[in-house]
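# Geometric and topological summary
Listed below, chain by chain, are the residues.
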Amino acid sequence: MGVAGSGKTTVATLLAEQLGAPLAEADEFHPAANIAKMSAGTPLTDEDRWPWLDAIADWIRERAHDGGGVVTCSALKRSYRDLLGRDERVFFVHLNGSRELLADRMRGRSGHFMPVSLLDSQLADLEPLAEGEPGLELDITDPPDQLAAAAARGLAEFEGGQP
């Protein structure tokens, strides 16, 4: 989880490879209207996000009983994370960094629909993991391979701590 530019896809790809788990990219679940809205620089509303989050939650549920998986998702608000993990054991990895670094990364990528102008709206909506939410926060200044390894360790501890 994390805002645009945090490295979700890069780290999730590495993590999925380490775990031998299927990977899903949250952007693939967006309806065309959401992508058009963001491409135009208009932030999504909760009403825009609920069907997208429902589709991701369906993917999670389908894999929960088949060895799990790794999925990228901004999961900005606790209510979104509640929907994603309400019925299944979901472990969140929050990739966090400074606004400046995030904006630099967004400016440096090509072919993505999310403009830098939407970063501030995402940061405003972001609710960091709170007590009772299974997960950990990682600093995106660390290299992606180290982030994936830390995520794998956190997941192993989470799974080991469950009955």
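Further up the page is the structure itself.
Below, the structure is looked at part by part. What you see is a predicted model, and the numbers here were worked out from it, not measured in a lab.

What counts and how
Residues numbered from 1 in each chain as written. Predicted model: local features only at pLDDT ≥ 70, side-chain atom pairs only at ≥ 80, totals over all residues. Heavy atoms only, no water. Salt bridge = Lys/Arg side-chain N within 4 Å of Asp/Glu carboxyl O. Helix = DSSP H or I, 4+ residues; strand = E, 2+ residues; numbered from the N terminus. Buried < 20%, exposed > 50% of the residue type's maximum accessible area, 1.4 Å probe, protein only. Pairing = 2+ DSSP bridges. Phe/Tyr/Trp six-rings, centres within 6.5 Å; stacked < 30°, edge-to-face > 60°.

Attention shifts here to the pattern of salt bridges. Under the criterion given, the structure shown has 10 salt bridges. Notably, a salt bridge pairs lysine 37 with aspartate 48, separated by 2.6 Å at the nearest N-O pair. One end of the pair, lysine 37, is in helix α2 (residues 32-39); the other, aspartate 48, is in helix α3 (residues 46-64), with 11 residues separating them in the sequence. When its relative accessible area of 25% is taken as the criterion, lysine 37 is described as partly exposed. Given the relative accessible area of 18%, aspartate 48 is considered buried.

Another point: the pairing of strand β4 (residues 135-139). The side-chain alternation of β4 yields one buried face, formed by Leu136 and Leu138, and one unburied face, formed by Gly135, Glu137 and Asp139. Two elements, strand β3 (residues 92-96) and β4, share five bridges in a ladder whose sense is parallel. When the sheet's bridge partners are listed, leucine 95 is paired in β4 with leucine 138.

Let us look at the packing of aromatic side chains. Centre distance and the angle of the planes are the two values used to describe a pair of aromatic rings. In this structure the tally under the stated criterion is two aromatic pairs. Taking 5.3 Å as the distance between ring centres and 90 degrees as the angle between the ring planes, the aromatic pair formed by tryptophan 50 and tyrosine 80 counts as edge-to-face. A residue pair is termed long-range when its members are at least 10 positions apart, and tryptophan 50 in helix α3 and tyrosine 80 in helix α4 (residues 78-85) qualify at 30 residues. Exposure remark for tryptophan 50: the relative accessible area of 29% places this residue in the partly exposed category. On the accessibility criterion, tyrosine 80 (0% relative accessible area) is buried. Judged by centre distance (5.3 Å) and plane angle (35 degrees), the rings of phenylalanine 91 and phenylalanine 158 are tilted. Of this pair, phenylalanine 91 sits in the loop between α4 and β3 while phenylalanine 158 is found in helix α7 (residues 144-160), placing the two residues 67 residues apart along the sequence. There is no split in this pair, since phenylalanine 91 and phenylalanine 158 are both buried.

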